[in-house]
Amino acid sequence: MLRLVVVLPLQPLASGDGFPLREWPLHVTVAPTFVVRVPLSQVVAAIEPVLADQPVLSAVTGNPEGFGPSRTIPVTVVVPNAELTDLHLRLVDALREVDAVFDDPQYTGPGYRAHVTATRLAAAAPGRHLWMDHAAIVDMEPHGERRLRRVVRVTPLGPA
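The notes below deal with the structure included here.

Comments concerning the overall build of the chain
Argument step 1. Helices and strands together make up the secondary structure of the chain, namely 2 helices and 10 strands.
Argument step 2. Taken from the N to the C terminus, the helices and strands of the chain come in the order β-β-β-α-β-β-α-β-β-β-β-β.
Argument step 3. Here the C-alpha radius of gyration of the chain, 15 Å, is about what a compact globule of 160 residues would show, namely 15 Å.
Argument step 4. The principal-axis extent of the C-alpha atoms belonging to the chain is close to 40 × 35 × 30 Å.
Argument step 5. For the chain, buried positions account for 48% of its 160 residues.
Argument step 6. A total of about 8,300 Å² of accessible surface is found on the chain, and carbon and sulfur atoms cover 55% of it.
Argument step 7. The average position of the 14 basic charges and that of the 16 acidic charges among the side chains of the chain differ by 8 Å.

Dropping the structure here:
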């Protein structure tokens, strides 16, 4: 079983890159954490056409907020963006085709709010212009280690 997430990194990432949970590079999540019982190759085959068909995205950050049940997770929301929302919806549909089960399905579809989660290393300031030209599939539990993250696939987005 794999626990994965699909993100749009705000800095270049490469397959094989790893980092601890608390040191995530800044990113916008486009398919929140999900579990699949199929091999990674099937997940890639399901979402690669969606990503290859997606032009490079730009967006602007909005205001800081607190997310999570206690609203204590610091984020900067992304100003609503139809292209970003559409990418999210197409990825979620493609992942459901391989029986992906989302950890928090309430944050998919109508519950999706694009944002950049702050880390102890960095945060996205309000009014920042984001340029997202590649997507990364990240293993949320490489080798069963819940405190580490490993990039398992990077895909460039289509032309601008």
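Focus on the layout of surface pockets
Argument step 1. Roughly 1,200 Å³ of volume is contained in the largest pocket.
Argument step 2. Forming the boundary of the largest pocket are 31 residues, of which Thr33, Ile73, Asp104, His115 and Thr117 lie nearest the centre.
Argument step 3. Listing elements by their share of the lining of the largest pocket, those giving two or more residues are β1 (2–9), β3 (27–36), β5 (73–78) and β7 (115–117).
Argument step 4. At 4 residues, the largest contribution of residues to the lining of the largest pocket is made by β3.
Argument step 5. Across the lining of the largest pocket, the residue classes break down as 13 nonpolar, 8 polar and 10 charged.

A word on the packing of aromatic side chains
Argument step 1. If you walk through the whole model with that rule in mind, you get 2 aromatic pairs.
Argument step 2. Look at phenylalanine 19 and tryptophan 24: their rings are 5.0 Å apart centre to centre, the planes differ by 55°, and that puts the pair in the tilted class. Considered together, phenylalanine 19 and tryptophan 24 belong to a single accessibility category, that of buried residues.

Comments concerning helix α1 (residues 40–52)
Argument step 1. When the terminal C-alpha atoms of α1 are compared, their 17 Å separation across 13 residues agrees well with the 18 Å that a helix rising 1.5 Å per residue should span.
Argument step 2. Check the buried side of α1 and you find it contacts β1, β3, α2 (82–96), β9 (134–139) and β10 (148–156).

A word on the nonpolar core
Argument step 1. Counting 38 residues, the largest nonpolar core has Leu8, Val28, Phe34, Ile47, Leu84, Leu91 and Leu95 as its most contacted members.
Argument step 2. The residues touching leucine 95, leaving out its near neighbours within four places in the chain, are Ala31, Phe34, Val43, Ile47, Ala100 and Phe102.
Argument step 3. Grouped together as the second largest cluster of nonpolar side chains are 9 residues, Val7, Phe19, Ala136 and Val151 included.

Details of α2
Argument step 1. Here α2 contains 15 residues, and its C-alpha end-to-end distance of 21 Å stays within 8% of the 21 Å for a straight helix at 1.5 Å per residue.
Argument step 2. Among all positions of α2, only Leu84, Leu87, His88, Leu91, Val92, Ala94 and Leu95 are buried. Across the axial projection of α2, the buried residues extend over an arc of 165°, all falling on one side.
Argument step 3. For α2, the elements touching its buried residues are β1, β3, α1, β4 (57–67), β5 and β6 (101–102).
Argument step 4. Of the residues that open α2, the one with a side-chain oxygen 3.0 Å from the backbone nitrogen of glutamate 83 is asparagine 81.

Each value, and the rule that gives it
Residues numbered from 1 in each chain as written. Predicted model: local features only at pLDDT ≥ 70, side-chain atom pairs only at ≥ 80, totals over all residues. Heavy atoms only, no water. Helix = DSSP H or I, 4+ residues; strand = E, 2+ residues; numbered from the N terminus. Rg over C-alpha atoms; globule rule 2.2 N^0.38 Å. Buried < 20%, exposed > 50% of the residue type's maximum accessible area, 1.4 Å probe, protein only. Areas by Shrake-Rupley, 256 points an atom, 1.4 Å probe, with all protein chains shown as cover. Lys, Arg positive; Asp, Glu negative; His and termini not counted. Charge placed at Lys NZ, Arg CZ, Asp CG, Glu CD. 1 Å grid on protein atoms, 1.4 Å probe; cavity = no way out; pocket = protein on both sides within 12 Å on 5 of 7 lines; lining within 4 Å. Points joined across faces, edges and corners; volume = space filled by probe spheres on them. Nonpolar A, V, L, I, M, F, W, Y, C, P; charged D, E, K, R; others polar. Phe/Tyr/Trp six-rings, centres within 6.5 Å; stacked < 30°, edge-to-face > 60°. Expected span 1.5 Å × (residues − 1). Contact = heavy atoms within 4.5 Å. Core = buried A, V, L, I, M, F, W, Y, C linked by side-chain atoms within 4.5 Å. Arc of directions from axis to C-beta. Polar contact = N/O pair within 3.5 Å; in protein donor to acceptor, adjacent residues only side chain to side chain.

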